[in-house]
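Close look at the chain arrangement
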Amino acid sequence: MVRAVLFDLDGTLIDTAADLIGTLDDVRAELGLAPCTAELPPAVAARGGRGLLTLGFPDQPELVERLLPRYLQVYAGRLARLSRPYAGIAEVLDQLQTAGIPVAIVTNKPEGLARQLLAELGWTERFAALVGGDTLDRRKPHPEPIWHVCQALRLKPEQTIMVGDDERDIAAGRAAGCALNIATAYGYLETPDQVAGWGADDIVDDPRQLGAALQRRLSLLSHRAH
């Protein structure tokens, strides 16, 4: 029986691309440089601060590590300016709560920023547990973050479903032993057709379909358990 659903955060529950990418222009502006992100697709948000700085300073790789602390500082000041839950996600979380199924977050976003984002969106109480990218020594695709959050929930991985928009989410879930791993293809995929090769048990193309996909899978697993 599945007794909890584990979610990635950025690109799965919340569309954070505009703030992640916008922070790059903010950092460039502090250096007296022109914006550079107008043509960047939202999918590059998956690269994180280090990857975005690399895009913003392609000819000055030595600046990336030097500017990363400032990037994170600036981002913390605007992380919920434009970021919002995907359409239908709040309803998915409500459905799971009504069904008595706790939800948790397993993200590679720094834990402090993840908790701050949830607080600014008024979502702190929605989640039973959270593990961030710096909570442990290892992060996704390593399974340890999932094992850690399962321990906090007092559940076994095989009693959980992992949901995420990146191959590392599915790889972590499979390695951890989750009952099912669901890929959200509406997230930050620079090559959308790649999701088919991740080995996910289900692929959801629209956030408004996620609730139905979870209900279907939960019903199937419940039927098998009986």
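Notes on the structure in this doc start here.

1. Points about the packing of aromatic side chains
Summed over the entire model, instances satisfying the criterion amount to three aromatic pairs. Look at Trp123 and Phe127: their rings are 6.1 Å apart centre to centre, the planes differ by 50°, and that puts the pair in the tilted class. An identical accessibility class is assigned to Trp123 and Phe127; each is buried. Its end group placed over the ring of Phe57, Arg28 keeps NZ or CZ at 5.5 Å from the ring centre.

2. Some details on the sheet that holds strand β8 (residues 202–204)
Spatial ordering of the open sheet is given by β5-β4-β1-β6-β7-β8, a layout of six strands whose pairing is parallel. Every interior strand has two partners, whereas the edge strands, β5 (129–131) and β8, have only one. For this sheet, the mean angle separating the axes of adjacent strands, direction not counted, is 20°. Relative to strand β7 (residues 180–184), strand β6 (residues 160–164) runs parallel, the two being bridged by four bridges. Note on β7: the bridge partner recorded for Ile161 is Leu180.

3. Here's the deal with the pairing of strand β1 (residues 4–7)
With burial as the criterion, each face of β1 is covered, one bearing Ala4 and Leu6 and the other bearing Val5 and Phe7. In terms of strand pairing, β1 meets β6 through four bridges, oriented parallel. Among the inter-strand pairings, Phe7 is bridged to a residue of β6, identified as Val163. Across three bridges, β1 lies against strand β4 (residues 103–106) in parallel orientation. Bridge pairing links Val5 to Val103 in β4.

4. Topic: the nonpolar core
One finds Val5, Phe7, Leu13, Leu96, Ile161, Leu210 and Leu214 to be the most contacted residues of the largest nonpolar core, which totals 53 residues. Counting residues per element, this core draws most heavily on helix α3 (residues 62–76), at seven residues. With 16 residues, the next largest nonpolar core counts Leu136, Met162, Ala176 and Cys178 among its residues.

5. What to know about the pattern of salt bridges
Side chains that differ in sign of charge can pair as their charged atoms come close. Here the structure, examined in full by the defined rule, presents 15 salt bridges. Here Asp94 makes a salt bridge to Arg126, at a shortest N to O gap of 3.0 Å. On the criterion of sequence distance, the pair formed by Asp94 in helix α4 (residues 89–98) and Arg126 in the loop between α5 (111–120) and β5 is long-range, its members being 32 residues apart. The exposure class of Asp94 is partly exposed, given its relative accessible area of 34%. You can call Arg126 partly exposed: its relative accessible area is 27%. The shortest N-O distance in the salt bridge between Arg168 and Asp166 comes to 3.7 Å. Three or more residues joined by partner-sharing salt bridges are found here, namely Asp8, Lys140 and Asp169.

6. Things to note about the packing of helix α1 (residues 17–30) against α3
Running from N to C, α1 and α3 point in directions that differ by 120°, and their axes come no closer than 9 Å. In terms of orientation, α1 lies oblique with respect to α3. For the element pair α1 and α3, the recorded crossing hand is right-handed. In this structure, α1 uses Asp19, Leu20, Thr23, Leu24, Asp26, Val27 and Glu30 to contact α3, whose residues at the interface are Leu67, Arg70, Tyr71, Val74 and Tyr75. Here the residues of the contact of α1 with α3 sort into seven nonpolar, one polar and four charged.

About the criteria used
- Residues numbered from 1 in each chain as written.
- Predicted model: local features only at pLDDT ≥ 70, side-chain atom pairs only at ≥ 80, totals over all residues.
- Heavy atoms only, no water.
- Phe/Tyr/Trp six-rings, centres within 6.5 Å; stacked < 30°, edge-to-face > 60°.
- Buried < 20%, exposed > 50% of the residue type's maximum accessible area, 1.4 Å probe, protein only.
- Lys NZ or Arg CZ within 6 Å of the ring centre and 35° of its normal.
- Pairing = 2+ DSSP bridges.
- Helix = DSSP H or I, 4+ residues; strand = E, 2+ residues; numbered from the N terminus.
- Axes fitted to C-alpha atoms, helices over the stretch in contact; angles between N-to-C directions.
- Core = buried A, V, L, I, M, F, W, Y, C linked by side-chain atoms within 4.5 Å.
- Salt bridge = Lys/Arg side-chain N within 4 Å of Asp/Glu carboxyl O.
- Parallel < 35°, antiparallel > 145°, perpendicular 65-115°, else oblique.
- Left-handed = near helix turned anticlockwise from the far one by under 90°.
- Contact = heavy atoms within 4.5 Å.
- Nonpolar A, V, L, I, M, F, W, Y, C, P; charged D, E, K, R; others polar.

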